[in-house]
Amino acid sequence: MQNHIPYELKIVSDPAEVAQEAARRFVAQAQTAISQAGRFTVALSGGNTPRALHNLLVAEPYRSAVEWEKVFIFFGDERCVPPDHPDSNYGMARDTLLTKVPIPPEHIHRMKGEDDPTQAAAAYAEELQTFFGLASAGGPAPENYPGFDLVLLGMGPDGHTASLFPGTAALQERSHPVTANFVPKLNSHRLTLTAPAINRAAQVLFLVVGADKAAPLYQVLKGEYQPQVYPSQLIRPAQGHLTFLADTAAAANSGQ
Ligand code: 6PG
């Protein structure tokens, strides 16, 4: 990656092993955070890749390795649909994870995709401000952004992550942790954490699976720095640890 920011590229054999390694890391980071701070704050990713991770976390040996009552759930992005819509990221997490482990309902902070996008983004920023005890719901100062213990991310074939899509306004957002991003190619808004919000995380873990991610992953890691084209390049945690966990198909062009 340009400017030589440190990152880890962990390549494993196949999608099932990506899920296993992600589950191992999720549990380890949860145990560390809970032992150090008494809680684990994690922003879940949408899309399909996280399903396999969720399926592992709700079963042994991972289920009993996490003190779920000390876990606090957030979301990296959300489609502008109600929670029961098949496209809802919250809905996917609810069905595959949140209803299958004992996380207190009040610990689950979903983005309100059913609401007006601008209002929902502002409300979520305020919810983050309250939860993390921030001085304000944004602004230029890094300390006004949430410090998630872990942000899980995926990567689209176009190099997007969360709902930071190529050429969209959210890529420029540096004053708010959450924004309503109109995505022309989807002809819809998306709610998304912004780069400054994600970049305050202690750990950022990309799960990248499949041959259709080989080209974008190569560009993100090895290509020139052009985040307008490959928004995943915006993700460069200031103090946090950045990992790309990929199967051999996705890492075909990037592997060491
Ligand atoms: C979303 C996700 C998005 C996703 C990528 C990869 O709302 O769709 O947040 O950023 O992570 O599109 O999706 P897959 O895991 O389905 O390939």
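Heads up: these notes are all about the structure in this document.

Rules used throughout
- Residues numbered from 1 in each chain as written.
- Predicted model: local features only at pLDDT ≥ 70, side-chain atom pairs only at ≥ 80, totals over all residues.
- Heavy atoms only, no water.
- Helix = DSSP H or I, 4+ residues; strand = E, 2+ residues; numbered from the N terminus.
- Rg over C-alpha atoms; globule rule 2.2 N^0.38 Å.
- Buried < 20%, exposed > 50% of the residue type's maximum accessible area, 1.4 Å probe, protein only.
- Contact = heavy atoms within 4.5 Å.
- Areas by Shrake-Rupley, 256 points an atom, 1.4 Å probe, with all protein chains shown as cover.
- Lys, Arg positive; Asp, Glu negative; His and termini not counted.
- Charge placed at Lys NZ, Arg CZ, Asp CG, Glu CD.
- Core = buried A, V, L, I, M, F, W, Y, C linked by side-chain atoms within 4.5 Å.
- 1 Å grid on protein atoms, 1.4 Å probe; cavity = no way out; pocket = protein on both sides within 12 Å on 5 of 7 lines; lining within 4 Å.
- Points joined across faces, edges and corners; volume = space filled by probe spheres on them.
- Nonpolar A, V, L, I, M, F, W, Y, C, P; charged D, E, K, R; others polar.
- Pairing = 2+ DSSP bridges.
- Axes fitted to C-alpha atoms, helices over the stretch in contact; angles between N-to-C directions.
- Phe/Tyr/Trp six-rings, centres within 6.5 Å; stacked < 30°, edge-to-face > 60°.
- Lys NZ or Arg CZ within 6 Å of the ring centre and 35° of its normal.

Things to note about the overall build of the chain
Next, step 1: Counting its secondary structure elements, the chain contains six helices and nine strands.
Next, step 2: Whereas a compact globule of 256 residues would reach a radius of gyration of roughly 18 Å, the chain reaches 17 Å, a difference of no more than 12%.
Next, step 3: Evaluated residue by residue, the chain yields a buried proportion of 56% over its 256 residues.
Next, step 4: Taking the contacts inside the chain whose residues are at least 6 apart along the sequence as the reference set, 74% of them involve residues at least 24 apart.
Next, step 5: Carbon and sulfur atoms make up 51% of the accessible area of the chain, which totals about 10400 Å².
Next, step 6: Taken as two groups, the 19 positive and 25 negative side-chain charges of the chain have centres that lie 3 Å from each other.

A closer look at the nonpolar core
Next, step 1: Ranked by internal contacts, the top residues of the largest apolar core, which has 80 residues, are L98 and L193.
Next, step 2: Of the residues forming this core, the biggest block, nine residues, is contributed by helix α1 (residues 15-37).

Observations concerning the layout of surface pockets
Next, step 1: Approximately 350 Å³ is the volume found for the largest pocket.
Next, step 2: In terms of lining residues, the largest pocket is bounded by 20 residues, among which G46, G47, N48, R79 and H160 are the most central.
Next, step 3: Along the lines of polarity and charge, the residues of the lining of the largest pocket split into six nonpolar, 10 polar and four charged.

Here's the deal with the sheet that holds strand β1 (residues 8-12)
Next, step 1: On the basis of which strands lie adjacent, the open sheet formed by six strands has the order β1-β9-β8-β5-β2-β3 and parallel pairing. Every other strand in the sheet has two partners, leaving β1 and β3 (71-75) as the edge strands with one partner each. Each strand axis lies, on average, 20 degrees off the axis of its neighbour in the sheet, ignoring direction.
Next, step 2: In this structure, β1 lies alongside strand β9 (residues 241-247), joined through five bridges in parallel fashion. Paired with V12 across the two strands is D247, which belongs to β9.

A word on the pairing of strand β8 (residues 203-208)
Next, step 1: With respect to burial, β8 is a largely interior element, five of its six residues being buried.
Next, step 2: Two elements, strand β5 (residues 150-153) and β8, share four bridges in a ladder whose sense is parallel. Bridge pairing links L150 to Q203 in β8.
Next, step 3: One ladder, built from six bridges, connects β8 with β9; its direction is parallel.

What to know about the environment of P83
Next, step 1: You can see P83 is positioned in the loop between β4 (77-79) and α3 (89-98).
Next, step 2: Relative accessible area serves as the criterion here: at 17%, P83 is assigned to the buried category.
Next, step 3: In the structure, P83 is positioned 167 residues away from A250 in sequence and 30 Å away in space, judged by C-alpha atoms.
Next, step 4: Those residues in contact with P83 that lie beyond four places of it in its chain are S88, Y90, G91, R94, R110 and E114.

Let's talk about the environment of L150
Next, step 1: Its location among the elements puts L150 in strand β5.
Next, step 2: By relative accessible area, L150 is classed as buried at 1%.
Next, step 3: With 87 residues separating them in the primary sequence, L150 and R63 have C-alpha atoms 18 Å apart.
Next, step 4: Excluding its chain neighbours within four sequence positions, the residues that come into contact with L150 are F26, Q29, F40, T41, V42, A43, Q203 and L205.

Here we look at the packing of aromatic side chains
Next, step 1: Under the counting rule described, the total for this entry stands at 11 aromatic pairs.
Next, step 2: Seen from their ring centres, F74 and F132 are 5.6 Å apart, and the 35 degrees between their planes marks the pair as tilted. One end of the pair, F74, is in strand β3; the other, F132, is in helix α4 (residues 117-132), and 58 residues separate them in sequence.
Next, step 3: Note on F74: relative accessible area 0%, which makes it buried.
Next, step 4: An angle of 65 degrees between the planes, with centres 6.0 Å apart, marks the rings of F75 and Y90 as edge-to-face. Taken together, the residues F75 in strand β3 and Y90 in helix α3 connect sequence positions 15 residues apart.
Next, step 5: On the basis of relative accessibility, which here comes to 1%, the residue F75 falls in the buried class.
Next, step 6: Three or more aromatic residues link up through ring pairs in this structure, and these residues are F72, F74, F131, F132 and F148.
Next, step 7: Above the ring of Y90, the side-chain terminus of R110 is found at 5.6 Å from the ring centroid.

Describing the pairing of strand β7 (residues 188-193)
Next, step 1: One ladder, built from three bridges, connects β4 with β7; its direction is antiparallel. Counterpart to R79 in the pairing with β7 is R190.
Next, step 2: Pairing of strand β6 (residues 178-183) with β7 involves six bridges; the strand directions are antiparallel. Looking at β7, one finds that V178 is bridged to L193.
Next, step 3: Here β6 folds back onto β7 in antiparallel fashion, the turn holding four residues, of which N187 has a positive phi close to 50 degrees.

By themselves these figures say nothing about function.
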